[in-house]
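So you can see what is in the structure, the chains are spelled out below.
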Amino acid sequence: MLTSLAVAPIGAEAQQTAVVRGTVRDAATGQALEDARVAAQGSAHTVATDAAGRYTLTGIAAGQVVVRVQRFGYRAAADTLTLAPGDSVAADFALRPSALHMKPVVVTAGKRSQLLDQVVTSVALVQDSELARRAVNTVDEAVDKAPGVQFLNGQVNIRGSTGYVQGLGARVLLLVDGVPANQGDRGGINWDMLPVDQVERVEIVKGAGSALYGSAALGGVVNLITRDIPTGLHARVRTTGGYYANPPDTIWRFRDYIGAQEGLDVTGSYGGDAVRASLTAGGRHSDGYREQDRSAYWEVVGKGEWLPSATSHLHLIGSWASNQYQAPLLWCEHGQCDDRGQSYQPFMIDRSQAGAHTRSDKGLFAATLEHTVSPRESWLARGSWLRTDFTDFRSPTTDFGVANRYGAEMRGLVRPTAGRVVTVGAEGALSDVTSNIFHDHGQDEFAAYAESEQRLGSARMTAGARVDYIAVDGGGLSAVVSPRVGLVLPGAGGTLFWRVSAGRGFRAPSLAEQFVETALGPFTVAPNPNLRPETAWSLEVGNAAQFGTMVRTDAALFWTEASDLIEPTIQLTVDPATGATTQQIQFQNLQRARLAGLDVALYAFPFTPHLSTSLAYTLLYTREFAHDTVPAQPLAFRPRHLLTLAADYAWGGFNLGADFRYTSRFERVELYPPTDPQVAPKVLDLRAGYQRDALSVRLLVANALNYLYNLAPQTLAPVRTVTMTLTWTY
């Protein structure tokens, strides 16, 4: 009897709904389009097409409904259907390519779905089609291609926000499907948390995001959005192979063979109407391009979805990765190795570093429940666990650290009137660290936030704030308030948009920055438990414009005034007994600093729709203001000029392309010996690809000119690397 009563409402609900099935194809070529977004108006459920272009929308309310289809690089399409209860209707779509007529949806800037031209801050998007075309092999390579973004030895720099701090603390927050994934001890980012093949798109918010995301979002937010699970049974295999160029001069040779790299990822998935799941497993190996540079990596990623109704969605994700790699650390100076008469050997290591290697394990597990109460109300609840575990095996000591970060968030979205959207939420995180260099510590974080968007005619105004409470080792709570206001003003014809935003950001010092005690080459690193949170006021004025069907631009002026900025400083101490001089690194709060500049991106489609070009340029001015005995000077490891040029030609299933990046010399560096060479990097990447049905082949020649340079202290950047990637999708 109880079973009958439970089943009856479900059956009644099913009888009042309908199903829409169909395919989505390229109108010009007839090829199936994978990962097109299909949704029914008024439904919270969106599905993605599979490799054959197929989709299935279930639980659609009977009556007249508008089905919409969107895909990056194509004009959106829609069809109005009349559905009877229990119907199963076919609706096929043919999308026309259009690189300019598109309004991508972002979910990061405002913690909700928004069209790109409605966002008050600058957002860069890297779509899955671009990831495939550029033939990138790792997630950080994908992020590094975005305008205004630069990597320094694995550390992300958005508009010069972070510089280079040896991975201890980052001013950029990493999200995986909206879940925070910065390390609980060091505050940095593990970019190998996900295989690049599982990333559908990357959303990069430039500028302070603390008003919604709190600490670590001072310089921006990077959100890795994973692939949706398509309907039906599917498989995907991605394999890579390649090699590293030998040193250009025989006097630098360190091995008698060519270094190789290879990798394999296999994904299987099943998507039903109510339950969906996918599992990816794989790994890669590399001989490296320097002495003592081998690495091995393994990963497992699982996703699950449960859709008990058209208004509820439970999303699960679990990732575990293990990386064992040799540590080349710093290159060899004269007298430290078989230097062959050279003042330094950039491909070789100091003898004292022989045998140094690291094991790094990391895991992320999260569950997110979304529920739509009505067209005006919805809520989200999320829980997560991030664990990082590393051991550095090197002389004279072995360093290790284990960190757990437990997070939870509750968020509500309300549309009280037709022109207003209100986002409110609360968030908390508990971190515990066990380490011989950071020692045993814990940090508690609690926050509440709210933001409201109001339409004022054709304009949109946003205002909100977040308050964060942070306690270290159970001490007293320190509170930080981060407000933000913004305005989006569209121009005539919908081809010109102005945006302006101002807000306050902050970042609490990581436990590593406060308590680290270790040695790094000739330096000792000293703790500073008295570090204060760094804060900054940021202003941005931006403009997005479209000129006909051939040119699209996005430009922004940005200005940040920072206080108590946390930077590594070098102190020289002299032993009065022996007269010996030692160099000590300690993280300290600067009194004040300024970062300002111009960020420009231009996309053009000259001569033919088959050819696409882009230019991204960032002009950066930084200044650490004078304080105590320290004179005014530029901030370390920030380039004044960052320029990226790209071109792609596509015809049929073929694609040819190139990227060129120029980075000016740093105006100021730390940790470098006076004789350490530094040049302005000029790096050219070449690529080619072919795709037909389920098979794609991509060739990438990174640093094609084999230009030798370094950005991090005494660490050679990658040499020319040739890789080929084959992907098969079922």
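First, a word on what this report is: a plain description of the structure on this page. (Residues numbered from 1 in each chain as written. Predicted model: local features only at pLDDT ≥ 70, side-chain atom pairs only at ≥ 80, totals over all residues. Heavy atoms only, no water.)

**Here's the deal with the pairing of strand E35 (residues 534–547)**
Put simply, the test is: Paired strands, in this sense, are two strands between which DSSP finds at least two bridges. Helix and strand assignments come from DSSP, with helices taken as H or I runs of at least 4 residues and strands as E runs of at least 2, each series counted from the N terminus.
Pairing between strand E32 (residues 496–507) and E35: twelve bridges, direction antiparallel. Pairing of Arg 504 across the sheet is with Trp 537, part of E35. With 13 bridges joining them, E35 and strand E36 (residues 551–563) adopt antiparallel strand pairing. Considered in E36, the bridge of Gln 546 is made with Arg 552. Hairpin connection of E35 to E36: three residues between the antiparallel strands, including Gly 548 at a positive phi of 60°.

**Observations regarding empty space enclosed by the protein**
We count it as follows: Method remark: on a 1 Å grid restricted to protein atoms, a set of points is classed as a cavity if a 1.4 Å probe fits but cannot get out and as a pocket if it is open with protein on both sides within 12 Å along at least five of seven lines; lining residues have an atom within 4 Å of a point. Grid points are joined across faces, edges and corners, and a volume is the space filled by probe spheres set on the points. Think of it as three bins: nonpolar holds Ala, Val, Leu, Ile, Met, Phe, Trp, Tyr, Cys and Pro, charged holds Asp, Glu, Lys and Arg, and polar takes everything else, Gly as well.
Counted by the stated rule, this structure contains nine cavities of 30 Å³ or more. Put simply, the largest cavity is a space of about 450 Å³. Residue lining of the largest cavity: 32 residues in total, with Asn 182, Ser 215, Ala 216, Arg 405 and Glu 445 positioned closest to the centre. Mapped by element, the contributors of at least two residues to the lining of the largest cavity are strand E26 (377–393), strand E27 (398–414), strand E28 (420–435), strand E29 (441–456) and strand E30 (459–472). A breakdown of the residues in the lining of the largest cavity according to their chemical character gives eleven nonpolar, twelve polar and nine charged. Considering only enclosed or pocket space, the second largest cavity measures out at about 320 Å³ in volume. Put simply, the parts of the chain that give the lining of the second largest cavity at least two residues each are E32, E35 and E36. A class-by-class count of the residues in the lining of the second largest cavity yields eleven nonpolar, eight polar and five charged.

**Here's the deal with the sheet that holds strand E16 (residues 199–206)**
If you walk across this open sheet you meet the five strands as E11-E16-E17-E14-E15, and the pairing is mixed. Of all the strands in the sheet, the pair left with one neighbour each is strand E11 (123–127) and strand E15 (179–180). Taken together, the seven bridges between E16 and strand E17 (residues 220–226) define a ladder with antiparallel strand orientation. Bridge pairing in E17 links Val 202 to Leu 224.

**Looking at unusual backbone geometry**
Convention followed: Here's how the labels work: a residue is buried when its accessible area is under 20% of the maximum for its type, exposed when over 50%, partly exposed in between, all with a 1.4 Å probe on protein chains only.
For Ala 135, which is not glycine, the phi dihedral falls at a positive 60°. A relative accessible area of 3% places Ala 135 in the buried class. Its identity is not glycine, yet Asn 153 carries a phi of approximately 55°, on the positive side. Looking at the secondary structure, you find Asn 153 in the loop between strand E12 (149–152) and strand E13 (155–158).

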